[in-house]
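Listed below are the residues making up each chain.
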Amino acid sequence: MILVTGGAGYIGSHTVVDLINNGYDVLVVDNFCNSTVSVIADMEKICGKTILFENINLIDKEAVLALAAKYKFTSVIHFAAYKAVKESSDNPMKYYENNIVGLMNVIQLMQKSGCKNLIFSSSCTVYGEVDKVPVKESSPIQQPLSPYGNTKKICEEIIRDMTSIGAIEAIALRYFNPIGAHTTYLLGDNPQNFDNIMPLIIKVAKGISSHLNVFGDDYNTVDGSCVRDYVHVMDIASAHVKAMERMRKGKMEKAFEAFNLGSEKGYSVFELIKTFEKVNNVKVNFKVVGRREGDVSNIYSDSTLAKEKLEWKINFSIEEMLSSAWKRSLKQT
Ligand code: UD1
């Protein structure tokens, strides 16, 4: 059985569906702090199977370790974490406790269960403000610009230390900016807290918000707004299945491996808005405001390593990302 923490979340749910459709048994552990229980039913509709889940907060060590008596895990995919950059600057301890203690408990559960395979949901944020794009895995890990980013860096370090004593083997997947929705439109990004750009663009396009605040137009980029590497959430999900298979087949070259997951293309905020408007034939009003604390100016990936070693393929274009996100939102009230 594969344990998927945060399996009701945005990337987690797409990955759970992909795992089940590839024949794996999955246990979802989630406390629904940034998702809803209805996601379980939606995943069941897509897979045509009942999905096992436990409502557990990962900082509850006793509840986490108790899972060892109930299930036999062969791999763990650990998504569950807080991810709002701004909130993490306002309340660092909330982030350190949830993201780091949560991981520590998950690893201790693995040790108790005799499970050695871990896939960790990391982020390009570990590269900080980079000197050179596209970013490769060999780029130096820098001091991240937010406590959120720092939790990802610290978690990678904890994992690396555990791999170096042979306790586990691990693959860290460093996501760039996942957007888009499942091709059935039954799953998508349903945040309870709005901070990422895509859900905010949708709110404006639907008339729920008057405009998008564009955080800065004075960066040293193509048009002054920040540049990011947007990648379809289903492409991100498929990389987890591939990473797990790499581990299970004993193909890892080191006990700790890290892979970038991005589309290798940079889009500015203005370009993203324009493409969204064009693809979906809607208007997105915006206002330029000051820079957001913790934002890097320009980052996009070199994902060659994932393509080579994981045999990962990008299947979706930016247009498909933006159109699926919009179509999914039209299905919601
Ligand atoms: C950051 C991290 C990413 C992490 C994610 C989690 C970096 C480079 N990326 O993504 O690894 O997984 O947080 O949440 O550190 N924007 C606006 N107006 C808005 C919201 C966003 O202009 O109202 C802009 C931002 O300035 C940024 C882009 O949109 O340029 C994307 O922002 P967002 O979706 O929040 O993701 P990142 O901050 O890039």
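A brief structural summary. (Residues numbered from 1 in each chain as written. Predicted model: local features only at pLDDT ≥ 70, side-chain atom pairs only at ≥ 80, totals over all residues. Heavy atoms only, no water.)

### Let's talk about the nonpolar core
Within the largest apolar cluster, 64 residues are counted, with the highest numbers of intra-cluster contacts made by Leu 19, Met 43, Leu 173 and Phe 276. Among the elements that line this core, the one with the most residues is helix H8 (residues 233-248), at seven residues. The residues contacting Leu 19, other than those within four sequence positions of it, are Ile 2, Val 4, Tyr 24, Val 26, Ile 77, Val 241 and Met 244. By size, the runner-up hydrophobic cluster in this structure holds 29 residues, among which are Val 64, Leu 65, Val 76 and Leu 118. (Core = buried A, V, L, I, M, F, W, Y, C linked by side-chain atoms within 4.5 Å. Buried < 20%, exposed > 50% of the residue type's maximum accessible area, 1.4 Å probe, protein only. Helix = DSSP H or I, 4+ residues; strand = E, 2+ residues; numbered from the N terminus. Contact = heavy atoms within 4.5 Å.)

### Considerations on the packing of aromatic side chains
On inspection of all chains with the given rule, the structure shows five aromatic pairs. Their ring planes at 90 degrees and their centres at 5.7 Å tell us that Phe 32 and Phe 53 sit as a pair that is edge-to-face. With Phe 32 in the loop between strand S2 (26-30) and helix H2 (38-47) and Phe 53 in strand S3 (residues 52-55), this pair connects stretches of sequence that are 21 residues apart. With a centroid separation of 5.4 Å and an interplanar angle of 50 degrees, the aromatic rings of Phe 270 and Phe 286 are classed as tilted. One end of the pair, Phe 270, is in helix H9 (residues 269-280); the other, Phe 286, is in strand S13 (residues 286-289), with 16 residues separating them in the sequence. Since its relative accessible area comes to 16%, Phe 270 is described here as buried. The class of Phe 286 is partly exposed, set by a relative accessible area of 37%. The ring of Tyr 82 carries the charged tip of Lys 94 above its face, separated from the ring centre by 4.8 Å. The ring of Tyr 219 has Arg 291 sitting right over it, with the charged end atom 4.0 Å from the ring centre. (Phe/Tyr/Trp six-rings, centres within 6.5 Å; stacked < 30°, edge-to-face > 60°. Lys NZ or Arg CZ within 6 Å of the ring centre and 35° of its normal.)

### A look at the site of the ligand
Within the structure, the ligand sits among 23 residues, and Ser 123, Ile 197, Asn 213, Arg 228 and Asp 295 are positioned closest to it. One of the backbone N or O atoms of Lys 83 is found 2.8 Å from an oxygen atom in the ligand. Asn 196 places a side-chain nitrogen or oxygen 3.0 Å from an oxygen atom of the ligand. In isolation the ligand has 740 Å² of accessible area, and contact with the protein removes 93% of it. Of all the secondary-structure elements, those providing two or more residues to the shell around the ligand are helix H7 (197-205) and strand S8 (212-215). Ranked by residue count, the leading element in the shell around the ligand is S8, at four residues. For the shell around the ligand, the residue count by class is 13 nonpolar, five polar and five charged. (Near = heavy atom within 4 Å. Polar contact = N/O pair within 3.5 Å; in protein donor to acceptor, adjacent residues only side chain to side chain. Areas by Shrake-Rupley, 256 points an atom, 1.4 Å probe, with all protein chains shown as cover. Nonpolar A, V, L, I, M, F, W, Y, C, P; charged D, E, K, R; others polar.)

Purely geometric stuff here, so don't read any function into it on its own.
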